[in-house]
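# Structural overview for review
Residues per chain, in single letters:
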Amino acid sequence: MLGLIHYADISQDVFGSSSPNLFTDVSIVYIAICLLSLIRIRSIDSIPDNIHLSTILICDFIALILMIYASGNINAGLSYLLLIPMAMAATFIKGQAYGLAAFGTLLLLLMTFISFKQGDANSQSIFTAGLTGVSLFVITIVVRTFSHKIKVSQDTVKRQKQKTQYSQLISQRIVETMRTGIIVVDTDLKIQLINRAATVLLTKDNKFEDLGDIVFLYEKLFHWQTSDIIPQTMVFESVNNNTIRASFAPLEDERFPSMMIFIEDMQRIGQEAQQLKLASLGRLTASIAHEIRNPLGAISHASQLLNESDSIAQSDQKLLGIIHNHSQRINFIINSILDFSRRNNALPEIINLSQWAENFKREYLEQHNDAIIDIISNEEGITTTVDSNHLYQILTNLVDNGLRYNERSTGEKKVTLQIRLQKKDQCPVIDIIDNGTGIKKEDVHKMFEPFYTTDSMGSGLGLYLCKELSEANQANLRYNYDTEKQQCVFSLILAHPKRRIIL
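Here the structure is a predicted model, which means the values were calculated and not measured. (Residues numbered from 1 in each chain as written. Predicted model: local features only at pLDDT ≥ 70, side-chain atom pairs only at ≥ 80, totals over all residues. Heavy atoms only, no water.)

Time to look at the sheet that holds strand 9 (residues 414–421). With mixed pairing, the five strands of this open sheet are ordered in space as 7-9-10-12-11. Both outer strands of the open sheet, strand 7 (372–377) and strand 11 (476–482), are each paired with one neighbouring strand and no more. Taking the axes of each pair of neighbouring strands and ignoring which way they run, one obtains an average angle of 20° across the sheet. Pairing analysis gives six bridges linking strand 9 to strand 10 (residues 428–434), with the strands arranged antiparallel. Its bridge partner lying in strand 10, Leu417 is registered against Ile432. On the sheet, helix 12 (residues 353–367) packs against strand 7, strand 9 and strand 10 and is oriented at approximately 175° with respect to strand 7. (Pairing = 2+ DSSP bridges. Helix = DSSP H or I, 4+ residues; strand = E, 2+ residues; numbered from the N terminus. Axes fitted to C-alpha atoms, helices over the stretch in contact; angles between N-to-C directions. Contact = heavy atoms within 4.5 Å.)

Written as structure tokens, this is what we have:
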């Protein structure tokens, strides 16, 4: 800018008035040095170090003082331009700022003294030079004070920002790893936040942008909003065949009105409750085994010995038979409870259901050669993720029941295993079908309760065990009676091999 003013002859009596050639040469060299400095900074693509900055600032002082000397009058106001590089030095190279202030002051006094000797300056110029030198030190002190405060403020803001980012990261990780699904939607029901648990529980393909893509949840939330009732809980079934409990609650923030939805998997909640029941049942079975089994063994053994006696009447032998049979039944109940309480956690693996069913049929018929098991598979290659040992226990209990009730109705011990995929979610299903009379409608809701049975010789734990093992493998066991075909159907809906929830 100084060079352009000089070359344009806008202010000949101010810039370069004493030595135009010196002013011209200094301005050209000064521009060249600045351009080279910029090129170097761009080439290394990093912040300049203190040596580079100090060199540039020294060049600033020398160039400006030479221009002041070439102009021949320190009172013209060019000396105040020295405050700019001095402020830069106080800001960026704090340790050497006072040295540069002293360097600039000495150069300025030296230049003024030379001008005074040459007759180009007077005593007032010397006073102005001294005052300018004092200004350099004052500006250094002031800028250093303010820059230090700014640095402290920046460090504080940086630390607070880091803490905030860390807190946000922790909150985000907590929300993402929670087993409870969380969805936040705005007043237009656009999703603002959704965690992984909600995505897994609600959708099949995990791809959606607003709540309208989850139709069944959208309808319930819309009904909740329009009915203007207090936050409540709704239980329904999702497209993934999960029983879901959704709770709605508004976020009390006038700036960002929104709604929070809590999604809970009833199956997981049931599993947790079941773990508590199993712990209690384990303690109970230990007491039963100790308190009942030994005297029960003595009663059963005594009845067998009495039955072998020749002095027992025929009528008394029947009573002994009743004692023996019921002792066996109590012992069977105790064994069932003990087997159930020792149940291990599920160890899921991917299995081909058609192949597994054929192996199950072969092993089962080796022990029940009078039974008939038909296998129907609509598709080949149907797979699932399940504990094969648990699946064997479930099928064994259901097939035993099916054969028993089918024989009572038709005189034939026969069941059918149908393997298929559900249309709505492509989850694999095993249907255990028999032609028995089925369960009475008034008893359907009690069929999976422990110790409930319609068989005088049953323990009432078979279906209960099947239900609990199913839930442990993220499967659902359901009952239906086909009135048209007169068939009793237990459907075991297994987990999709690619959408199983990792607990």
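Glancing now at the pairing of strand 1 (residues 181–186). Within strand 1, six of the six residues are buried, leaving the element largely enclosed by the surrounding structure. Going residue by residue along strand 1, you find Gly181, Ile183 and Val185 tucked away on one face and Ile182, Val184 and Asp186 tucked away on the opposite face as well. For strand 1 and strand 5 (residues 258–265), the ladder comprises six bridges, and the chain directions are antiparallel. Paired with Ile183 across the strands is Ile261, a residue of strand 5. Pairing of strand 1 with strand 2 (residues 191–194), which is carried by three bridges, proceeds in the antiparallel orientation. The residue of strand 2 that forms the bridge with Ile183 is Ile194. Hairpin connection, strand 1 to strand 2: the antiparallel pair is bridged by four residues, and Leu189 has positive phi, about 65°. (Buried < 20%, exposed > 50% of the residue type's maximum accessible area, 1.4 Å probe, protein only.)

We now examine helix 5 (residues 97–118). Taking 1.5 Å per residue, 22 residues should reach 32 Å; helix 5 reaches 32 Å between its end C-alpha atoms and fits that length. Those residues of helix 5 lying buried are Ala97, Leu100, Ala101, Gly104, Thr105, Leu108, Met111, Thr112 and Ser115. All buried residues of helix 5 fall inside an arc of 135° around its axis, so they share one side. Among the exposed residues of helix 5, those pointing more than 90 degrees away from its buried face are Leu106 and Lys117. (Expected span 1.5 Å × (residues − 1). Arc of directions from axis to C-beta.)

Here we come to the environment of Gln355. Turning to its location among the elements, Gln355 is positioned in helix 12. By relative accessible area, Gln355 is classed as exposed at 54%. On a C-alpha basis, the gap between Gln355 and Ile382 in space is 9.4 Å, while along the polypeptide they are 27 residues apart.

This brings us to the packing of aromatic side chains. Applying the stated criterion to the full structure yields four aromatic pairs. For the ring pair Trp356 and Phe360, a centre distance of 5.5 Å and an interplane angle of 10° mean the geometry is stacked. Placement of both Trp356 and Phe360 in helix 12 is noted, with a separation of four residues, approximately one turn of the helix. Residues Trp356 and Phe360 agree in their burial class; the two are buried. A ring pair is formed by Tyr479 and Phe490, whose centres lie 5.1 Å apart and whose planes are at 50°; its orientation type is tilted. (Phe/Tyr/Trp six-rings, centres within 6.5 Å; stacked < 30°, edge-to-face > 60°.)

With that settled, consider the side chain of Ser491. With respect to the helices and strands, the residue Ser491 is situated in strand 12 (residues 487–493). A polar contact of 2.6 Å, which involves the side chain of Ser491, links it to the side chain of Asp431. Apart from residues lying up to four places away in sequence, Ser491 is in contact with Arg420, Val429, Ile430, Asp431, Asn476, Leu477 and Arg478. (Polar contact = N/O pair within 3.5 Å; in protein donor to acceptor, adjacent residues only side chain to side chain.)

We note that Gln474 has phi near 55°; this positive angle belongs to a residue other than glycine. Residue placement: Gln474 occurs in the loop between helix 14 (462–472) and strand 11. Here Gln474 falls in the buried class, since its relative accessible area comes to 13%. Of note in this structure, Gln486 is not a glycine but carries a positive phi near 55°. Residue position: Gln486 is located in the loop between strand 11 and strand 12. Overall, the relative accessible area of 45% leaves Gln486 in the partly exposed class.

Residues three or four positions apart in an α-helix share a direction because the helix packs 3.6 residues into each turn. For helix 4 (residues 83–92), the set of buried residues is Pro85, Met86, Ala89 and Ala90. Taken around the axis of helix 4, the buried residues stretch over an arc of 140°, which confines them to a single face. In this structure, helix 4 carries Ile84 and Phe92 as exposed residues pointing more than 90 degrees from its buried face.

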